[in-house]
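A closer look at the structure
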Amino acid sequence: MSVQPDPQVIAGLDAWRDRLAAQQPDWPDHEALRRVTDRLATLPPLVFAGEADALRAQLAAAGRGEAFLLQGGDCAETFSEVTADNIRNKIKTILQMAVVLTYGASLPVVKMGRMAGQYAKPRSSDTETRDGVTLPAFRGDIINGFEFTPEARTPDPQRLLEAYHTSASTLNLIRAFTTGGFASLLRVHEWNRGFTSNPAYKRYDQVANEIDRAIRFMAACGADFEALRSVDFYSSHEGLLLDYERPLTRIDSLSGLPYDCSAHFVWIGERTRHLDGAHVDYFSRVQNPIGVKLGPTTTGDDAIALIDRLNPAGEPGRLTFVTRMGAGKVRDLLPALVEKVTADGRPVTWVCDPMHGNGITSESGYKTRRFSDVMDEVAGFFEVHRALGTVPGGLHIELTGDDVTEVMGGSEEIDDARLAERYETLVDPRLNHQQSLELAFQVVELLRAS
Ligand SMILES: O=C[C@H](O)[C@H](O)COP(=O)(O)O
Ligand SMILES: C=C(OP(=O)(O)O)C(=O)O
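What counts and what doesn't
Residues numbered from 1 in each chain as written. Chains lettered and ligands numbered in written order. Predicted model: local features only at pLDDT ≥ 70, side-chain atom pairs only at ≥ 80, totals over all residues. Heavy atoms only, no water. UniProt positions renumbered as here; feature names shortened; annotations may be inferred. Pairing = 2+ DSSP bridges. Helix = DSSP H or I, 4+ residues; strand = E, 2+ residues; numbered from the N terminus. Axes fitted to C-alpha atoms, helices over the stretch in contact; angles between N-to-C directions. Contact = heavy atoms within 4.5 Å. Salt bridge = Lys/Arg side-chain N within 4 Å of Asp/Glu carboxyl O. Near = heavy atom within 4 Å. Polar contact = N/O pair within 3.5 Å; in protein donor to acceptor, adjacent residues only side chain to side chain. Areas by Shrake-Rupley, 256 points an atom, 1.4 Å probe, with all protein chains shown as cover.

The name recorded for the protein in an unreviewed UniProt entry is Phospho-2-dehydro-3-deoxyheptonate aldolase, from Cellulomonas composti. Its UniProt record, at the heading Catalytic activity (unreviewed entry), says of the protein: "D-erythrose 4-phosphate + phosphoenolpyruvate + H2O = 7-phospho-2-dehydro-3-deoxy-D-arabino-heptonate + phosphate". Under the UniProt heading Sequence similarities (unreviewed entry), the entry covering the protein gives this text: "Belongs to the class-II DAHP synthase family."

As structure tokens, then:
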């Protein structure tokens, strides 16, 4: 039986329009935008309310220490990079990391891609200047093109439709890969054996051997590996472009409540989490599990005010705080936030993003990060939660399944000179396949040391 929505709830979905919406493009043709958003509103949802509810329950478990979230994917997906190979490599990397983390944490790992919608980027500056020419900054493929020409950089609403269709085909392949046998535990374990057989990663041999023995033990006990051929895999992106999120928001017929059906999980970024801004207002009105990025300027009062707005009733799994303080600050700044939120009592799931607080520019001019800083922030995140008796609920990582050279360090020792070899990201640097697996193995080492 379907439940009729409350008209006030429907009207509230447009209240954001009266608030300041940061980081939105300056659309040159509002009539063209309206035609596109009208069309988007008629297209099928990309995800279903029931899936978002299932994820909320899993994130609640992560918040209690009964599961662990692994969220990973590109800084910015691009239309041209959405190929079967790229999607497969990313999923493969996340699944490989998840097996290692499942073993290390002895917990189920909730697998989530920054995929099938991660097309809009907040930028530090609205414009970019090259050789005396100033144009709008690239804001992600859903808004404008990367090429440095006035045509490409002009925001084009048709891109919203392309983002929708590209996300739909990405999700289709994700669902096929994660339910059709590709994700089988035995297969993923074999890939990990391949990784650790490389002498560069000898250090991780012991953990790999332990996992191997655990799997043999399961087999000897008659474990049903057939049942381990499928995994749940969730989609997520930054809920930045409200002209995309609004038309993809639908009323669930079972509950009569609105869900943003562009993804299972959407997060509010560090640059758009203003308490009275459009983003916080909009996402307070949808039922999905929601994340908020918290950078080093966040105060305990900000965190409580975000809970008041986004999860006033304290529903477990509804709100995830993704902290991204920077390796040098996490040990100083995170404790006060966690203490204040813990004293409040309403549950949040704490997740560490060790990428966005650790950006540097290399001597040769590349926007990069150091693998050692990434690991140090993860270590600091675990240390703080252990010291306070609170739960480190997961990791949020920018990664790719390919052999790019964007982040310095790791056992491959990518140095400044090597960044030029395969620097492909259009905005921020990502861990490559090997660095992502190293991170997972090093997290196991951290968990053991604590
Ligand atoms: O991914 C995060 C932000 O979009 C990014 O760091 C902004 O980069 P910018 O400072 O080059 O604009
Ligand atoms: C922009 C991002 O992060 P933050 O909001 O933390 O800067 C991001 O995750 O792509």
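Overall, parallel pairing links the eight strands, which are arranged 1-2-5-8-9-10-11-14 in a closed barrel. Shown here is a sheet whose adjacent strand axes are inclined to one another by a mean of 30 degrees, direction ignored. Bridge analysis of strand 10 (residues 319–323) against strand 11 (residues 349–352) gives four bridges, and the strand direction is parallel. Within strand 11, the position partnered with Val322 by the bridge is Val351. Of the strands in this sheet, strand 9 (290–294), strand 10 and strand 11 are in contact with helix 12 (residues 330–344), which crosses strand 11 at around 165 degrees.

A separate point is the pattern of salt bridges. For side chains of opposite charge, pairing can occur when their charged atoms come near one another. Evaluated as defined, the whole model comprises 39 salt bridges. Beyond isolated ion pairs, a larger network of salt bridges with shared partners links Arg114, Lys367, Arg369, Glu398 and Asp428.

On to the site of ligand 1. If you check the shell around ligand 1, you find Cys75, Lys121, Pro122, Arg123, Ser124, Arg271, His356, Lys367, Val427 and Asp428 and nothing else. Lys121 is positioned such that a nitrogen or oxygen atom in its side chain is 3.0 Å from an oxygen atom of ligand 1. Between ligand 1 and His356 there is a distance of 3.3 Å, counted from an oxygen atom to a side-chain nitrogen or oxygen. The protein chains hide 83% of the 340 Å² of surface that ligand 1 would expose on its own.

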